[in-house]
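Listed below, chain by chain, are the residues.
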Amino acid sequence: MKRELPSFDLVVATVSRVEALEHFLTSLDFQTHRRFRVIVVDQNTDHRLDRVLEATGFDVLHLRSEPGLSRARNVGLRRATADVIAFPDDDCAYEQGLLAHVGGLLAGEPGLDGMTGRSVDRGGRSSPSWEQDAAVLTAGNLWNRAISYTIFLRREVVERVGSFDERLGLGSGEPWSSGEEIDYLIRAVKAGARIRYDPSLTVHHQEKDDDVGFRDGATVGYLLRKHRYPARTVARMLVRPAGGVVASVVRGDRARARFHSATLRGRLRGYRAESSANSSA
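For every chain, the first residue of the written sequence is number 1, and numbering continues from 1 onward in sequence order. Only residues with pLDDT of at least 70 get local features here, since the model is predicted, and only at 80 or more are side-chain atom pairs given and counted; chain-wide, interface and lining totals rely on the full set of residues. Calculation of side-chain values draws on the structure's entire complement of heavy atoms; hydrogens and water are dropped beforehand.

Draft legend 1. Fine view of the overall build of the protein. Helix and strand counts for the protein stand at nine helices and eight strands. Its C-alpha atoms give the protein a radius of gyration of 19 Å, within 12% of the compact-globule value 19 Å for 281 residues. When its C-alpha atoms are laid out on the principal axes, the protein stretches across 50 × 45 × 40 Å. Relative accessible area decides the class of each residue, using a 1.4 Å probe on protein chains only: under 20% of the type maximum gives buried, over 50% gives exposed, and in between gives partly exposed. Looking at the protein as a whole, 53% of its 281 residues are labelled buried. Helix and strand assignments come from DSSP, with helices taken as H or I runs of at least 4 residues and strands as E runs of at least 2, each series counted from the N terminus. C-alpha atoms define the radius of gyration, and 2.2 Å times the number of residues to the power 0.38 defines the globule rule.

Structure below.
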């Protein structure tokens, strides 16, 4: 008996960007699975998005939020009612069969609580840091197997985990301006959620610039301490960028050496910082 594909709520937090959001919404026009709603959480103080949102041919819920990525996503989560919830960036793009593919995987395996996939650029390439093997996520292996716009979770998981940690993410006012989705997944798997990484599940998004090394490194260090990771994991997460510095210097690649150095310094700073290790947003 063929199972019905789940419905989706796509929670999109956005500020400043109009053209990029319009491009993402256009990619949704071509989805073969149509049981979805876009929850746009608007952090702009004007009405710049009105024309774009009114032009869509699908269900859009337009909400307002104070600045901050995690704050905006929490506003969207409070209105989410679909079977599956996703967190696309306002500048990513879905291939036309993506929702049907994710929906089919989840419909075919009721014991699976969610999926994560891999980020690729417009040419279909991804950073070598992405893991190439499929795996059920654990707190120890999820670091290179997820990013916000490749995460799809059943609503029951979201209801169990709760809100995003508003101290994390862009616009938080804290040094930890990324990693809110990794924190969320750590909390989800610790709560018993069974989430699978599938590298064949891809979402289009341009790669980050190298100057985010310190920022993202600081967040990783913060999360390692917040979630009380064992010393061997902390050591491994410090050795990797240190090794990257050495390898880049040997190759004469100064830009990559600076990036890895910034990542290492960020991770050390984040780990040493005061953090509420027992809080969960």
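Draft legend 2. Fine view of the nonpolar core. In this structure, Tyr94, Trp143 and Phe152 are the most contacted members of the largest nonpolar core, which totals 74 residues. It is helix 6 (residues 180-190) that contributes the most residues to this core, six residues altogether. The contact partners of tyrosine 94, leaving out residues within four places of it in the chain, are Leu10, Phe24, Ser27, Leu28, Gln31, Ala86, Pro88, Leu99, Tyr149, Phe152 and Val203. We call a set of buried residues a nonpolar core when its members are Ala, Val, Leu, Ile, Met, Phe, Trp, Tyr or Cys and they connect through side-chain atoms within 4.5 Å of each other. Here, residues are in contact when the closest pair of their heavy atoms is within 4.5 Å.

Draft legend 3. Molecular detail of the pattern of salt bridges. Any carboxyl oxygen of Asp or Glu that lies within 4 Å of a side-chain nitrogen of Lys or Arg is treated as forming a salt bridge with it. Following the criterion strictly, the structure yields 18 salt bridges and no others. A salt bridge links aspartate 165 to arginine 167; the shortest N-O distance between them is 2.7 Å. On the accessibility criterion, aspartate 165 (2% relative accessible area) is buried. Aspartate 165 is paired through a salt bridge with lysine 226; the nearest N and O atoms lie 2.7 Å apart. One end of the pair, aspartate 165, is in the loop between helix 5 (155-161) and helix 6; the other, lysine 226, is in helix 7 (residues 213-226), with 61 residues separating them in the sequence. Taken individually, aspartate 165 and lysine 226 each receive the classification buried, so the pair is uniform in this respect.

Draft legend 4. Geometry of helix 4 (residues 98-108). Residues of helix 4 that are buried include every one of Leu98, Leu99, Val102, Gly103, Leu106 and Ala107, and no others. Looking straight down helix 4, one finds its buried side chains confined to an arc of 150°; they lie on one side. Residues of helix 4 that are buried make contact with strand 1 (8-14), strand 2 (36-42), strand 4 (84-86), strand 5 (114-120), strand 7 (151-154) and strand 8 (195-204). What the arc measures is the spread of directions leading from the helix axis to the C-beta atoms.

Draft legend 5. Representation of the environment of leucine 238 within the structure. Assignment of secondary structure puts leucine 238 in helix 8 (residues 231-251). Exposure remark for leucine 238: the relative accessible area of 23% places this residue in the partly exposed category. Once the C-alpha coordinates of leucine 238 and glycine 221 are considered, the two residues, 17 residues apart in sequence, prove to be 9.0 Å apart.

Draft legend 6. Local environment of the sheet that holds strand 5. In this description, strands pair whenever DSSP reports at least two bridges between them. Ordered by their spatial adjacency, eight strands build an open sheet running 3-2-1-4-7-5-8-6, and the pairing between neighbours is mixed. Each edge of the sheet is formed by a strand with only one pairing partner; in this case those strands are strand 3 (59-64) and strand 6 (135-136). Relative to strand 7, strand 5 is paired through three bridges, and the arrangement is antiparallel. Residue pairing in the sheet places threonine 116 in a bridge with isoleucine 151 of strand 7. Against the sheet, helix 4 contacts strand 1, strand 2, strand 4, strand 5, strand 7 and strand 8, and its axis sits at roughly 170° relative to strand 8. Axis definition: a line fitted to C-alpha atoms, limited for helices to the stretch in contact. Angles are taken between N-to-C directions and run from 0 to 180 degrees.

Draft legend 7. Local environment of the packing of aromatic side chains. When two rings of Phe, Tyr or Trp (its six-membered ring) have centres within 6.5 Å they constitute a pair, described as stacked for plane angles under 30 degrees, edge-to-face for angles over 60, and tilted for the intermediate range. In the structure shown here, the tally under the stated rule is nine aromatic pairs. A ring pair is formed by phenylalanine 36 and phenylalanine 58, whose centres lie 5.2 Å apart and whose planes are at 55°; its orientation type is tilted. With phenylalanine 36 in strand 2 and phenylalanine 58 in the loop between helix 2 (50-54) and strand 3, the pair connects residues that are 22 residues apart, well separated along the chain. Accessibility expressed as a relative area gives 13% for phenylalanine 58, which makes it buried. Among the aromatic residues, those joined into a cluster by ring pairs are Phe8, Phe24, Tyr94 and Phe152.

Draft legend 8. Examining helix 1 (residues 19-28) more closely. Where helix 1 is concerned, the buried positions are Leu21, Phe24, Leu25, Ser27 and Leu28. One side of helix 1 holds all its buried residues, which, seen down the axis, span an arc of 155°. Against the buried residues of helix 1 lie strand 1, strand 2 and helix 2.

Draft legend 9. A look at the side chain of glutamine 43. One can find glutamine 43 in the loop between strand 2 and helix 2. You can call glutamine 43 buried: its relative accessible area is 10%. Under the rule applied, a polar contact is a pair of N or O atoms within 3.5 Å (in protein, one hydrogen donor and one hydrogen acceptor; residues adjacent in sequence only if both atoms are side-chain atoms). There is a polar contact of 2.7 Å between the side chain of glutamine 43 and the backbone nitrogen of glycine 68. The contact partners of glutamine 43, leaving out residues within four places of it in the chain, are Ala13, Thr14, Val15, Ser65, Glu66, Pro67, Gly68, Leu69 and Ala72.

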